[in-house]
Amino acid sequence: MRAENGQIIKLEDYLPADFVIHQVDMTFDLRDGHADVLTRLVMQRREGVAAEAPLELDGDELSLTSLALNGTPVSPQNYTVAPDSLKIDDLPAQDQFTLEIGTRLHPEQNTKLMGLYRSNGIWCTQCEAQGFRRITYFLDRPDVLATYKVRLEADKAAAPVLLANGNPVASGDLPNGRHFAEWIDPHLKPSYLFAIVGGRLDVLKDSLTTISGRHVELAIYTEPGLAERATYAMDALKRSMWWDERRFGREYDLDVFNIVAISDFNMGAMENKGLNVFNHKYVLLDSETATDADYAGVETVIAHEYFHNWTGNRITCRDWFQLCLKEGLTVYRDQEFSSDERSRPVKRISCVHTLKANQFPEDQGPLQHPVRPTTYREINNFYTATVYDKGSELVRMLATILGEDKFRAGMDLYFERHDGDAATIEDFIACFAQTANMDLSQFALWYNQAGTPRLTVSQSYDAKAGTLTLNLQQQLDKGAAGTGTLPMHIPVRFGLVGANGQDIAAEAASDDARVSGDTIHLTTASATIVFTGLNQRPLLSILRDFSAPVQLQYEESEADRLALARLDPDAYGRWRALTDLVGDSLADAARQWAKSGPQTVSDTVLGAIVEAADDTSLEPALRAQMCSLPGETEIARLVAEDVNPEIIHTLRLQTLARLGMLGGETFRSLRAELAEPAGEFSASAASAGRRALRNCLLAPLSAAAGRPDDAAKQYAQATNMSDRMAALTVLVHQFPQELVSQDALTDFYNRFESDPLVLDKWFALQAASPNADTLERVEALLHHEKFKLANPNRARAVIGGLAGANPSVFHRADGAGYRWVCGVLLQLDSLNPQTAARMATAFRSWRSMNPALRQQAEAALRQLAASENLSRDLRDIVERTLK
Ligand code: 0A1
Ligand code: ZN
């Protein structure tokens with residue numbers, strides 16, 4: 001089962017397991033230094049499987065301590081064991097049998113953070129995707145579903161809290177200061193949802209009664225002294241539970257719901273049944289230590305993990321190729337939750353922004369893969385923006401194509417038909433095809449064809465005839481994944497905007513596309529739509545709400561964009577028009593600069609930004625989104641080839657300064673109006689929006705002034721982390737050499753030295769500082785007493801700060817940035833391959849750099865690839881990136 005280095009696992013090879021596991025009983029004896037695990041499996045050969053077929057179980061770095069079949073030790077001739085497999089012959093042909101497997105683990109030495117490990121002394125587990133096989137030999141695959149009973153034993157002082165999946169059924173004292181707890185999870189689940197936790201933990205408790213009257217005890221466990229900081233997370237959890245009842249008719253199904261926040265975690269969080277384990281970054285908050293973005297992140301991740309209880313847990317995936325079945329759908333659900341709880345257009349814009357920043361480069365580079373891949377070497381490397389975020393976009397398109405009611409009916413059918421199943425994408429789509437009575441086979445191509453289709457739009461207006469003719473074309477190139485390029489079903493939402501800023505209703509006719517309401521259903525390579533009865537040339541507001549994950553190619557005049565940015569009655573449309581205008585202007589200037597020296601963006605374009613910032617008809621959060629200049633990486637993406645990050649850096653900074661000049665008065669008075677009265681912090685979306693607008697004006701104003709005074713003042717007076725970070729970022733990024741900036745950094749460190757989550761911000765900010773000496777400083781950070789490579793958040797702060805958020809240093813002309821990152825990745829790989837591999841994806845766009853940089857990047861990557869002992873995880877990413 002296991003993919004050895006280089007072995008490719010294929011979707012087409014899927015076969016169900018030869019054996020089923022009905023019941024799993026486990027005992028964990030947790031001690032300092034080691035843990036003994038006894039697993040009792042009630043199993044049976046699946047009907048139709050040859051009587052002589054051996055049982056082959058997965059393992060990963062395991063050591064077997066005992067093995068018994070139906071209570072009798074298995075003789076050594078009848079089994080073969082290795083750290084990664086256990087093969088047993090001579091098993092009963094048909095009857096049920098029990099297999100007892102003893103394993104000894106060393107959680108303290110487990111730096112991969114998969115399986116059972118210790119985080120700041122707390123015993124915890126991570127089993128998705130293939131971590132359970134690091135606890136015991138098992139059929140560690142998502143289509144093997146069983147009920148579990150777990151007994152935990154530990155020293156009562158070291159681990160007063162003992163948790164597992166399901167409901168607690170017994171607990172008590174044992175001799176020698178030890179104690180036990182027993183848990184039963186009555187729901188069928190795959191092994192990847194297994195979890196236990198033990199340790200000295202504080203708790204924040206609450207409860208909730210579900211719609212049918214089930215009383216649920218809610219608890220969030222934290223490291224000692226931090227439970228109060230989980231208050232917002234608890235509130236978000238309760239709101240998520242209510243929302244899922246209202247919006248999707250989904251109710252919680254156990255007596256308890258536990259969340260544990262830990263310091264060392266490879267990802268954001270994990271949806272283990274009834275026992276979610278979280279990176280503490282997505283639980284612990286207060287206004288002094290967390291930004292508004294952190295609040296929004298906690299709300300999203302809490303909701304996401306909770307929503308998995310139905311989309312992922314009650315209905316799981318047949319195999320790991322179906323990962324998007326649970327992830328894309330659950331991201332869609334968490335995005336809808338945030339839209340309902342906060343502002344729908346603001347949330348949509350932020351999702352589109354994230355998609356373009358993370359998923360588009362993946363889909364257009366060497367790491368491209370379909371939303372449902374068909375092959376993998378290391379499944380850990382497929383928890384990607386494509387599976388999650390594009391996966392969510394596909395569900396969103398389905399909802400657009402079907403309409404709200406039919407979409408909900410399809411979801412209802414999916415829940416009803418597949419509850420308790422390990423399902424596939426085909427199963428999912430079939431539910432919607434049935435409820436909508438539609439053939440969705442063309443839509444299904446979205447899951448199988450990798451790449452971002454180009455949607456080319458052209459229009460012509462005939463004033464005499466009063467018609468607007470629209471031509472839409474779709475094109476998908478064969479990219480790195482080499483999948484198909486057939487035309488897909490692309491729902492294109494649109495509006496025809498009149499000079500008064502209102503949508504014009506017009507008759508639409510087309511021979512090759514269906515137009516229904518505000519949506520054109522493009523299903524052919526090219527389609528022409530004629531709108532009639534127009535007595536003025538309308539402005540075309542195209543791809544509203546980003547109704548499909550496509551790259552829009554539209555020769556739209558600057559005048560039209562400016563008008564739409566001002567007039568479009570659809571808020572997303574206004575943002576889209578302005579962002580495209582600003583983004584393209586910056587990209588054009590960067591391209592031109594590389595050829596013929598310094599360029600600027602026109603005052604007209606910058607003026608539109610100032611106007612948006614000052615438009616009180618829009619909510620502040622949206623104005624902040626409209627008036628933030630695209631980041632350097634975003635500009636590089638738009639430049640697309642022969643990118644010169646240094647030029648982009650300088651261009652952006654100069655543009656920021658010119659924007660600050662032009663907006664000076666307006667921005668200053670806005671900042672004064674938006675200032676928050678001291679002592680009145682609210683984490684609400686509305687307050688966060690005001691802070692966002694106020695703070696996004698600080699960067700252009702400071703750049704224009706060429707002085708750090710405003711930022712220094714804001715830093716000194718800050719009463720919340722959003723204001724503090726905004727000020728510190730301007731200081732460190734715009735005025736790195738100034739004494740006030742260094743003083744602020746020192747002050748920040750002194751204030752928050754003992755708070756790891758805030759310290760991560762301190763590390764990340766310095767790693768992202770665009771200066772000549774950043775590499776030396778970052779190297780010094782690696783030797784800082786608070787730096788710990790084995791802690792994923794800290795490693796991500798420094799490596800990600802540089803490789804992901806500091807383009808002008810990462811892509812330094814001498815290649816030193818690339819070499820430094822590869823060097824640290826190699827070190828990290830020996831501790832935590834999963835996190836190293838994830839960080840290595842920073843190289844995914846190396847081919848879009850200018851030739852000199854390409855050469856440097858390739859050399860650094862080839863050197864990394866030549867290292868012996870690279871993990872399968874890192875090797876997979878490096879080799880695919882180089883392909
Ligand atoms: N299913 C989780 C993501 C996740 C995947 C792998 C992990 O292993 C370290 C951890 C978490 C989610 O979507 O939130
Ligand atoms: Zn998820």
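As the structure is a computational prediction, the values presented were derived from the model and not from experiment.

J.: Sorry if this is basic, but what is going on with the UniProt feature "domain: Peptidase M1 membrane alanine aminopeptidase" (unreviewed entry) in the protein chain here?
T.: In the UniProt entry, the feature "domain: Peptidase M1 membrane alanine aminopeptidase" (unreviewed entry) is given for residues 232-443. Annotation note: span residues 232-443, helix share 57%, strand share 9%, distance between end C-alpha atoms 39 Å.

J.: Please clarify how the pairing of strand β2 (residues 19-30) should be interpreted in this entry.
T.: Two faces belong to every sheet, and in a regular strand the side chains alternate between them. Two strands pair when backbone bridges link them, and β2 and strand β3 (residues 35-45) are joined in this way by 11 bridges, in the antiparallel orientation. Across the sheet, residue M26 finds its bridge partner in β3, namely T39. Examined bridge by bridge, β2 and strand β12 (residues 146-155) share seven bridges and lie parallel to one another. By the bridge assignment for β12, M26 is matched with V150.

J.: Looking at this structure, I do not really get helix α11 (residues 603-613). What am I missing?
T.: Think of an α-helix as 3.6 residues a turn; residues three or four steps apart then line up on the same face. Of the positions making up α11, those classed as buried are V605, L606, A608, I609, V610, A612 and A613. As for α11, its buried residues are in contact with α9 (558-567), α10 (571-596), α12 (620-627) and α14 (645-674).

J.: Quick question: what am I supposed to make of the sheet that holds strand β10 (residues 115-119) here?
T.: Working definition: the strands of a sheet are paired by backbone hydrogen bonds and lie parallel or antiparallel to each other. In spatial order, the strands read β10-β11-β16-β13; together these four strands make up an open sheet with antiparallel pairing. Across the chains shown, the open sheet's two edge strands, defined by having one partner strand only, are β10 and β13 (161-164). For this sheet, the mean inter-axis angle between neighbouring strands, taken without regard to orientation, is 20 degrees. As paired elements, strand β11 (residues 122-126) and strand β16 (residues 196-199) share two bridges and run antiparallel to each other. Considered in β16, the bridge of W123 is made with G198.

J.: What am I meant to see in the nonpolar core here?
T.: One broad rule of soluble globular proteins: the nonpolar side chains tend to lie buried together. Counting residues in each nonpolar core, the largest one holds 261 residues, and the members touching the most others are V260 and V821. For this core, the element with the highest residue contribution is α10, accounting for 11 residues. The residues touching V821, leaving out its near neighbours within four places in the chain, are I799, L802, A803, F810 and A842.

J.: What is the right way to read the domain arrangement of the protein chain from this model?
T.: Reports often express the size of an interface as the amount of accessible area lost when the parts come together. Taken as a whole, the protein chain is organised into domain 1 (21-295), domain 2 (315-448), domain 3 (454-548), domain 4 (553-706) and domain 5 (756-883). Taking only C-alpha atoms, the centre of domain 2 and the centre of domain 3 are 24 Å apart. Taken together, the contact between domain 2 and domain 3 spans 16 residues of the former and 15 residues of the latter. Among the elements that take part in the side of domain 2 that touches domain 3, helix α8 (residues 441-448) stands out by supplying five residues, more than any other. Considering only residue class, the side of domain 2 that touches domain 3 consists of eight nonpolar, seven polar and one charged.

J.: For this particular structure, what's the right way to read the site of ligand 1?
T.: In the region of ligand 1, the neighbouring residues are Q126, E128, N266, M267, G268, A269, M270, E271, H304, E305, E327 and Y383. Of all elements in the fold, only β20 (269-270) and α2 (292-307) reach the threshold of two or more residues within the shell around ligand 1. Residue composition of the shell around ligand 1, grouped by class: four nonpolar, four polar and four charged.

J.: Would you mind showing me how to read unusual backbone geometry here?
T.: Trans is the common state for peptide bonds, and a negative phi is the common state for residues other than glycine. Cis rather than trans, the peptide bond between E128 and A129 has omega equal to -5 degrees. Its identity as a non-glycine residue notwithstanding, L113 has a phi of 60 degrees, on the positive side. Inspection of the secondary structure assignment puts L113 in the loop between β9 (97-105) and β10. On the basis of neighbour count, L113 is assigned to the buried category, with 24 C-beta atoms found within 10 Å. The backbone of D642 sits at a positive phi, close to 50 degrees, despite the residue not being glycine. On the secondary structure map, D642 appears in the loop between α13 (632-639) and α14.

J.: Help me understand the packing of helix α3 (residues 323-341) against helix α5 (residues 385-402) in this model?
T.: When two helices pack together, their arrangement is captured by the angle between the axes and the distance separating the axes. Between α3 and α5, the least distance of the axes is 7 Å, while the angle of their chain directions is 70 degrees. Relative to α5, the element α3 lies roughly perpendicular. Between α3, through L323, C324, E327, G328, L329, V331, Y332 and Q335, and α5, the contact on the second element is made entirely by V387, Y388, D389, G391, S392, L394, V395 and R396.

J.: Quick question: what am I supposed to make of the confidence of the model for the protein chain here?
T.: On average, residues of the protein chain score 98 in pLDDT, and 99% of them reach the 70 mark or higher. Across the interface, the model reports ipTM at 0.99; the global pTM reads 0.99.

J.: Would you explain the packing of α3 against helix α4 (residues 344-363) in this entry?
T.: Following both chains from N to C, one finds α3 and α4 inclined at 145 degrees, their axes separated by 7 Å at the closest point. Classified by chirality, the crossing of α4 by α3 is right-handed. Along its contact with α3, which presents Q335, S338 and S339, the element α4 presents R344, K347, R348 and C351. Split by residue class, the contact of α3 with α4 holds one nonpolar, three polar and three charged.

J.: Help me out: how do you make sense of the environment of S722 in this one?
T.: By secondary structure assignment, the location of S722 is in helix α18 (residues 721-734). Considering only alpha carbons, one finds S722 and N695, 27 residues apart in sequence, at a separation of 8.2 Å. Residues in contact with S722, not counting those within four places in the same chain, are T291, D292, R691 and N695.

J.: Looking at this structure, how should I read the UniProt feature "domain: Peptidase M1 alanyl aminopeptidase C-terminal" (unreviewed entry) in the protein chain?
T.: Per the UniProt record, "domain: Peptidase M1 alanyl aminopeptidase C-terminal" (unreviewed entry) is found at residues 559-883. The span residues 559-883 is 73% helical and 0% strand by assignment, and the distance between its end C-alpha atoms comes to 42 Å.

J.: What am I meant to see in the sheet that holds β3 here?
T.: Spatial strand order, β6-β5-β9-β3-β2-β12-β15-β14: eight strands in an open sheet with mixed pairing. Strand pairing shows two members of the sheet lacking a second neighbour, β6 (72-73) and β14 (167-174), which therefore form its edges.

J.: Got a minute to help me understand the environment of R724 in this structure?
T.: Positionally, R724 belongs in helix α18. On the basis of neighbour count, R724 is assigned to the buried category, with 25 C-beta atoms found within 10 Å. Spatially, the C-alpha atoms of R724 and Y447 are 43 Å apart, while their sequence positions differ by 277 residues.

Thresholds, definitions, all that
- Residues numbered from 1 in each chain as written.
- Chains lettered and ligands numbered in written order.
- Predicted model: local features only at pLDDT ≥ 70, side-chain atom pairs only at ≥ 80, totals over all residues.
- UniProt positions renumbered as here; feature names shortened; annotations may be inferred.
- Helix = DSSP H or I, 4+ residues; strand = E, 2+ residues; numbered from the N terminus.
- Pairing = 2+ DSSP bridges.
- Buried ≥ 20, exposed ≤ 12 C-beta atoms within 10 Å, placed from the backbone.
- Contact = placed C-beta atoms within 7 Å.
- Axes fitted to C-alpha atoms, helices over the stretch in contact; angles between N-to-C directions.
- Core = buried A, V, L, I, M, F, W, Y, C linked by C-beta atoms within 7 Å.
- Domains from an automatic or database assignment.
- Nonpolar A, V, L, I, M, F, W, Y, C, P; charged D, E, K, R; others polar.
- Near = placed C-beta within 6 Å.
- Parallel < 35°, antiparallel > 145°, perpendicular 65-115°, else oblique.
- pLDDT = per-residue confidence, 0-100.
- Left-handed = near helix turned anticlockwise from the far one by under 90°.

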